[in-house]
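# Structure at a glance
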Amino acid sequence: MNKKILITGIAAVVVLAGIIALILLWPKEKPYDYDLSKYVKVAEYKGLEYTVNEVSVTDEEVDSEIDSRLQAAATTENVTEGTVEDGDTINVAYAGTIDGEAFDGGSTDSSDITIGTTQMIDGFTDGLIGHDVGETVTLNLKFPDDYHNEEVAGKDVVFEVTINSKSIENVPELDEDFVSENSDVDTVEEYRQVVKDELLEQKESQEDLNTKEALWDEIVSGSEVIEYPEKELDEAKKAADNIESQYKSQADSYGMEWDDFLTGYLGMTQEEFDDSKEQYAKDTVLQEMVMYYIVREENIEISDKEYKEYLTDTLEKSGYTEDTFEQAFGQTIEEYADANQWKVGLLLDKVLDKVMEYGVKTEGDEKEAE
């Protein structure tokens, strides 16, 4: 099971639900249940021209994806033979002395370090390169003058280091054993075709999403607000305030003043941030009104059966069962989907399907995904 695949699998729905601001952070029993024509003039959404590029998958892309899957399936084991090389992860025991005397924190029976990555004093990890597992190495070193422990800073130190073991990575081969354990096919050739089909489906989904995003942007940017409904605008502003609260909590966790966080991380002043919150709320309400206007004009709906089938399909594609999903996310998929407004995303997806149905499609160039 793969949480990344789950998130990728719902990406189109979630992105469509939040192209700019349409996230709907608050539940609505009957959203915009009134005559929206008094509040928004929706741009023409029928007969729009759009281009769908043809996509393809190369052998190189298949190779790369398979290599990634093999790496993901790799296992590590500790071995008691071999020579230490740059980049190796090894387990060591060491005892440090200054003027022949042990000192606090200078010894351990077991410590995992990665050569070239783990931060030790200069010469410690490099001094182990080329030595064999099982060997004891004497390192004559010196603590930096600005070392955090003032009691040893600037002093000469001798470390007796025993290399206990090193970790090696075992990457599986692409053979029938790997294929049978990681797919529903039997041969390497069939597996390559499965991977190719999956990559093609991903590219086609992304191209469909790109098209829908462009169409939605065209419709929304061409629509005009007559008047913002007070209730929904207030709700959108509360959602923006919640976002600010989350940022402030993040600033607190960093030990930063709010103004410093604004300028350092968000690159804006409080006044600019307040303006962005106001625009966020207005963008949200505009997009919601446009969506629900088209929903009602076209009698679009998501049936309970359709929604349930979508959730079941999402579970299946991501490799979860209902039980394993609940274990991983701490709630049922129905609860998770409701909290994250998946149904709204599906509704917008159906709106844009209808827009494409009314639209004029032109074939674009063949395009390989990045």
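Residue positions within a chain follow its written sequence, with the count starting from 1. Given that this is a predicted model, residues contribute local features only at a pLDDT of at least 70 and side-chain atom pairs are listed and counted only at 80 or more, while totals for whole chains, interfaces and linings are drawn from all residues. Just so you know, side-chain values use all the structure's heavy atoms and leave hydrogens and water out.

### Considerations on the pairing of strand β7 (residues 156–170)
When strand β3 (residues 75–79) meets β7, the two strands line up antiparallel, connected through five bridges. Residue pairing across strands places Glu-77 opposite Ile-168, the latter belonging to β7. Two strands are counted as paired when DSSP detects at least two bridges linking them. Strands are runs of DSSP state E lasting at least 2 residues, helices are runs of H or I lasting at least 4, and numbering of each runs from the N terminus. Here eight bridges tie strand β4 (residues 89–98) to β7, and the two strands are oriented antiparallel to one another. Note that in β7 the partner of Asn-91 across the bridge is Ser-165. In this structure, strand β6 (residues 136–142) lies alongside β7, joined through seven bridges in antiparallel fashion. Residue Thr-138 lies in a different strand from β7, and its bridge partner there is Glu-160.

### Side note on helix α7 (residues 258–266)
Since the α-helix packs 3.6 residues into each turn, any two residues three or four apart lie on the same face. Each residue is placed in one exposure class: buried if its accessible area under a 1.4 Å probe, protein chains only, is under 20% of its type's maximum, exposed if it is over 50%, and partly exposed if it falls in between. Among the residues of α7, those classed as buried are Trp-258, Phe-261 and Leu-262. Relative to the axis of α7, the buried residues are bounded by an arc of 100° and lie together on one face. Exposed side of α7, more than 90 degrees from the buried face: Asp-259 and Gly-264 are the residues found there. Of the residues one or two after α7, Gly-267 is the one with positive phi, at around 65°. Working note: the arc is built from the helix axis to C-beta atom directions.

### Digging into the pattern of salt bridges
Within this document, salt bridges are pairs made up of a side-chain nitrogen of Lys or Arg and a carboxyl oxygen of Asp or Glu, the two lying within 4 Å of each other. The full count for this structure, using the stated rule, is 19 salt bridges. Between Glu-244 and Lys-277 there is a salt bridge, with the nearest N and O atoms lying 2.4 Å from each other. Of the two residues, Glu-244 sits in helix α6 (residues 230–253) while Lys-277 sits in helix α8 (residues 270–297), which places them 33 residues apart along the sequence. Assessed through its relative accessible area of 10%, Glu-244 is described here as buried. Across the pair Lys-350 and Glu-306 runs a salt bridge, and its minimum N-O distance is 3.3 Å. Pair noted here: Lys-350 is in helix α12 (residues 342–358) and Glu-306 is in helix α9 (residues 304–318), with a separation of 44 residues, a long-range link. By relative accessible area, Glu-306 is classed as partly exposed at 32%.

### What to know about the nonpolar core
Side chains of nonpolar character tend, in soluble globular proteins, to be buried together. Remark: nonpolar core denotes a set of buried residues (Ala, Val, Leu, Ile, Met, Phe, Trp, Tyr, Cys) joined through side-chain atoms within 4.5 Å. Of all hydrophobic cores here, the largest spans 44 residues; its most connected members are Ile-219, Val-290, Met-291 and Trp-342. Put simply, the parts of the chain that give this core at least two residues each are β2 (49–56), α5 (188–222), α6, α8, α9, α10 (322–329), α11 (333–339) and α12. Residues Ile-90, Ile-115, Val-157 and Val-161 belong to the second largest nonpolar core, which totals 21 residues.

### As for the environment of Val-158
Here Val-158 shows up in strand β7. Taking relative accessible area as the criterion, Val-158 reaches 26% and is therefore assigned partly exposed. In this structure, the C-alpha to C-alpha distance between Val-158 and Glu-230, residues 72 residues apart in sequence, is 73 Å. By definition in these notes, contact holds between two residues if any of their heavy atoms fall within 4.5 Å. Setting aside residues no more than four positions away along its own chain, Val-158 makes contact with Ala-95, Gly-96, Thr-97, Thr-138, Leu-139 and Asn-140.

### Thoughts on the packing of aromatic side chains
For Phe, Tyr and Trp, rings pair up if their centres lie within 6.5 Å, where Trp contributes its six-membered ring, and each pair is then called stacked (planes under 30 degrees apart), edge-to-face (over 60) or tilted (otherwise). All told, the structure shown has 26 aromatic pairs when counted by the stated rule. Each ring, one from Phe-103 and one from Phe-143, has its centre 5.8 Å from the other, and the planes form 85°; the classification is edge-to-face. Here Phe-103, found in strand β5 (residues 101–114), pairs with Phe-143, found in the loop between β6 and β7; they are 40 residues apart in sequence, far enough to count as distant. Both residues of the pair, Phe-103 and Phe-143, count as buried. Ring geometry for Tyr-254 and Phe-261: centres 6.2 Å apart, planes at 40°, overall tilted. A residue is classified by how much of its surface remains accessible, and Tyr-254, at 43% relative accessible area, is partly exposed. Owing to a relative accessible area of 1%, Phe-261 belongs among the buried residues under this scheme. An aromatic cluster of three or more residues is present, and its members are Tyr-94, Phe-103, Phe-124, Phe-143, Tyr-147 and Phe-159.

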